[in-house]
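Given next are the chains, with one letter for each unit.
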Amino acid sequence: MTDPLVSRMRAFGTTIFAEMSALAVRTGSINLGQGFPDTDGPAAMLDHASEAIAAGANQYPPGPGVLDLRQAVVEHRSAHYGLRYDADGEVLVTVGATEAIAAAVLALCEPGEEVVAFEPYYDSYAASIALAGARLTAVTLRPAQGRFTFDPDELRAAITPRTRAILVNSPHNPTGTVFTREELAVIAELCLERDLVAITDEVYEHLTFDGVEHIPLATFPGMRERTVMISSAGKTFSVTGWKTGWVCAPREYVAAVQTVKQFLTFTASAPWQVAVAYGLRHELEWVAALRASLEDKRDRLMDGLRAAGFSVYRPQGTYFVQTDIRPLGFADGLELTRRLPELAGVVAIPTQVFYDHPERGAHFVRFAFCKRDEVIDEAVARLKRLSR
């Protein structure tokens, strides 16, 4: 029997996250692979979700999202970034950021057009671009002065007359880079010069460390008018299972994205939207405490990884530490991560699977630190076996 899957999706089988999480369960290993917290978000926000269910918020909410959440998003964008959006037409609630990215790419990119993204990239980017029949052009982030960055000349060379959009993820998963004002200015200049749409994945916007500032690309001159800005409650409030995200963009872009989104999931879960609206207005102090806690967990895990023999890059944001495995005598991250449960009882993610050019990331492995301290400490103790 021939493969029934359409050809453009045959390169996308079981995700590396499913493979490694299953490996963790099968071997009893500590899972530092998939990036989800093992503690819940703010209690009052969780209570608001329960209260919304009890109060009857159990049917379809409006297609664009619950108005109270859209208004809370508008207030948040204005207060934090000075960006003004209209809750009626410039904000769309989605089933997490993953749906927002997919719907944006499907809505805005014609078959045969090109989308530039920075590799390593979150794996849904390539799948969404393939679904649209578009082509991904990868610009590689490389280590420089302790962080990952891009070569402006490489980015410029990647843009062709067929390029429709650039997909920008900052804070960046999996490298932990937060793009600087200078780096974002390069991207903004090219978007304006080449008439590109920017799709910005900003789900870790509140999870930056060491005083590093997250700057939305939409704040640059001329960019609000051409940026589809994507955020998520999942990362901000440690409720990844709620799958509640949103798009902020000019009216015509939101209308386009909603046209696609309505035939993917139609709308998003009403109780979570009610609770997230409360969270955006009342729980950002909780988020600040989360950020401080994650910074401590990051340092805790980094120290342990260095002691185990890894070369470690200090992330400026996100949930993840990027490591170089070559000091341990390994060159293939996929091989090491498949053996790591046997060698140390820990599961991680090989970064090479997030590259169009896997050889450029073969020696990197990603570890998640969004776990309880005792989990990180036990993982670190186990990883010490690698240095013996």
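In short, a report on the structure.

Definitions and cut-offs
Residues numbered from 1 in each chain as written. Predicted model: local features only at pLDDT ≥ 70, side-chain atom pairs only at ≥ 80, totals over all residues. Heavy atoms only, no water. Buried < 20%, exposed > 50% of the residue type's maximum accessible area, 1.4 Å probe, protein only. Helix = DSSP H or I, 4+ residues; strand = E, 2+ residues; numbered from the N terminus. Pairing = 2+ DSSP bridges. Right-handed = clockwise from strand over helix to strand, strands pointing away. Core = buried A, V, L, I, M, F, W, Y, C linked by side-chain atoms within 4.5 Å. Contact = heavy atoms within 4.5 Å. 1 Å grid on protein atoms, 1.4 Å probe; cavity = no way out; pocket = protein on both sides within 12 Å on 5 of 7 lines; lining within 4 Å. Points joined across faces, edges and corners; volume = space filled by probe spheres on them. Nonpolar A, V, L, I, M, F, W, Y, C, P; charged D, E, K, R; others polar.

### Focus: the pairing of strand β7 (residues 163-169)
Where a strand is regular, its side chains alternate between the two sheet faces. With respect to burial, β7 is a largely interior element, six of its seven residues being buried. In this structure, strand β3 (residues 114-119) lies alongside β7, joined through four bridges in parallel fashion. If you follow V116 over to β7, its bridge partner there is I166. Regarding topology, helix α7 (residues 181-194) serves as the crossover connection from β7 to the parallel strand β8 (residues 197-201), and that connection is right-handed.

### Details of the nonpolar core
Counting residues in hydrophobic clusters, the biggest one holds 67 residues, and the most contacted among them are I199, V228, L301, F310, F367 and L383. Among the elements that make up this core, the one with the highest residue count is helix α4 (residues 96-108) (seven residues). Non-local contacts of L301, meaning those with residues more than four positions away in its chain, are made with L32, V321, F367, A368, F369, I376 and V380. Counting 27 residues, the second-largest nonpolar core is a separate cluster that includes M45, V73, A87 and M229.

### A few points about unusual backbone geometry
The amide bond that connects E119 to the next residue, P120, takes the cis arrangement and shows omega of 0°. Cis rather than trans, the peptide bond between N173 and P174 has omega equal to 20°. One can find P174 in the loop between β7 and α7. With a phi close to 55°, S238 is a non-glycine residue in the positive phi region.

### Some thoughts on empty space enclosed by the protein
In the structure shown here, the tally under the stated rule is two cavities of 30 Å³ or more. Of the pockets and cavities examined, the largest cavity occupies roughly 50 Å³. Along the walls of the largest cavity sit V168, N169, S170, L184, T200, D201, E202, H214, I215, P216 and L217, which together make up its complete lining. Its residues assigned to classes, the lining of the largest cavity comprises five nonpolar, four polar and two charged. Residue lining of the second largest cavity: F118, P120, Y121, Y125, L167, N169, H172 and N173, and that is the complete set.

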